[in-house]
Amino acid sequence: MKLLILDRDGVINHDSDDYIKSPEEWVPIPGSLEAIARLNHEGWHVIVASNQSGIGRGLFDMNTLNAIHRKMHRELAAAGGRIDAIFFCPHAPEDHCSCRKPKPGLFQDIARRYELETLAGVPAVGDSVRDLQAAQPLGCSLHLVRTGKGERIADLGNLPAGTRVHDDLAAFADWLLAQPARASA
């Protein structure tokens, strides 16, 4: 299975230091939805792994998060693409859970759900070091985009070893689709 894991805010849609708290605030980054559609058409299953601490902080509730995700699914479908699953951490930092990135809990959940021993080589795309740190222990191929928080950190030199940097999700998709076909898992 060709599996790919994306962060949401800053990778698929514009991020905000004040959190994305409503469907109206969810605005796709130009080219991101089309990039996901291109990947889907080439057989990639796209999974989202996202911290959503706005729930734990009381900034929005599950109904609102579901409405945001319905908008994302609708707009992605209109572009010809889909997201196969969304994994998210609803906890605030002070909850000290195992699923809040940079901890690997969301990625462990993905591996369990897809009955995989490891996520070795599975591309994981984020816009922050914590996105990459969460994916690294499971052997993911690490990719940082310069959208969202990525522009501020891409050139600081503190990225995990082997991280590839791309301008945005569309540039990542171009890179991935240019790679030689991988053997089926």
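What this report covers is the structure whose coordinates are included nearby. (Residues numbered from 1 in each chain as written. Predicted model: local features only at pLDDT ≥ 70, side-chain atom pairs only at ≥ 80, totals over all residues. Heavy atoms only, no water.)

1. Quick look at unusual backbone geometry
Then step 1. Each neighbour pair has its own omega, and for Lys 101 with Pro 102 the value is 25 degrees, a cis peptide bond.
Then step 2. Its place among the elements puts Pro 102 in the loop between strand 3 (85-89) and helix 4 (105-113).
Then step 3. Positive phi, close to 50 degrees, is recorded for His 96, a residue that is not glycine.
Then step 4. Inspection of the secondary structure puts His 96 in the loop between strand 3 and helix 4.
Then step 5. Not every positive phi belongs to a glycine, and Glu 115 is a case in point at roughly 55 degrees.
Then step 6. Relative to the helices and strands, Glu 115 is located in the loop between helix 4 and strand 4 (123-126). (Helix = DSSP H or I, 4+ residues; strand = E, 2+ residues; numbered from the N terminus.)

2. So, helix 4
Then step 1. The set of residues buried in helix 4 consists of Gly 105, Leu 106, Phe 107, Ile 110 and Ala 111.
Then step 2. Among the structural elements, strand 1 (2-6), strand 2 (44-51), strand 3, strand 4 and helix 5 (129-135) are those in contact with the buried residues of helix 4.
Then step 3. Of the residues trailing helix 4, Glu 115 is marked for its positive phi of about 55 degrees. (Buried < 20%, exposed > 50% of the residue type's maximum accessible area, 1.4 Å probe, protein only. Contact = heavy atoms within 4.5 Å.)

3. Some words on the nonpolar core
Most often, soluble globular proteins have nonpolar side chains that are buried together.
Then step 1. In terms of nonpolar packing, the biggest core is built from 27 residues, with Ile 5, Ile 47, Leu 106, Phe 107, Ile 110, Leu 119 and Cys 140 touching the most fellow members.
Then step 2. Those elements that place two or more of their residues in this core are strand 1, strand 2, strand 3, helix 4, helix 5 and strand 5 (141-145).
Then step 3. Discounting residues that sit within four places of it in the chain, Ile 110 has contacts with Leu 3, Ile 5, Ile 47, Ala 49 and Phe 87.
Then step 4. Within the second largest apolar cluster, 24 residues are counted, among which are Ile 36, Trp 44, Val 48 and Leu 176. (Core = buried A, V, L, I, M, F, W, Y, C linked by side-chain atoms within 4.5 Å.)

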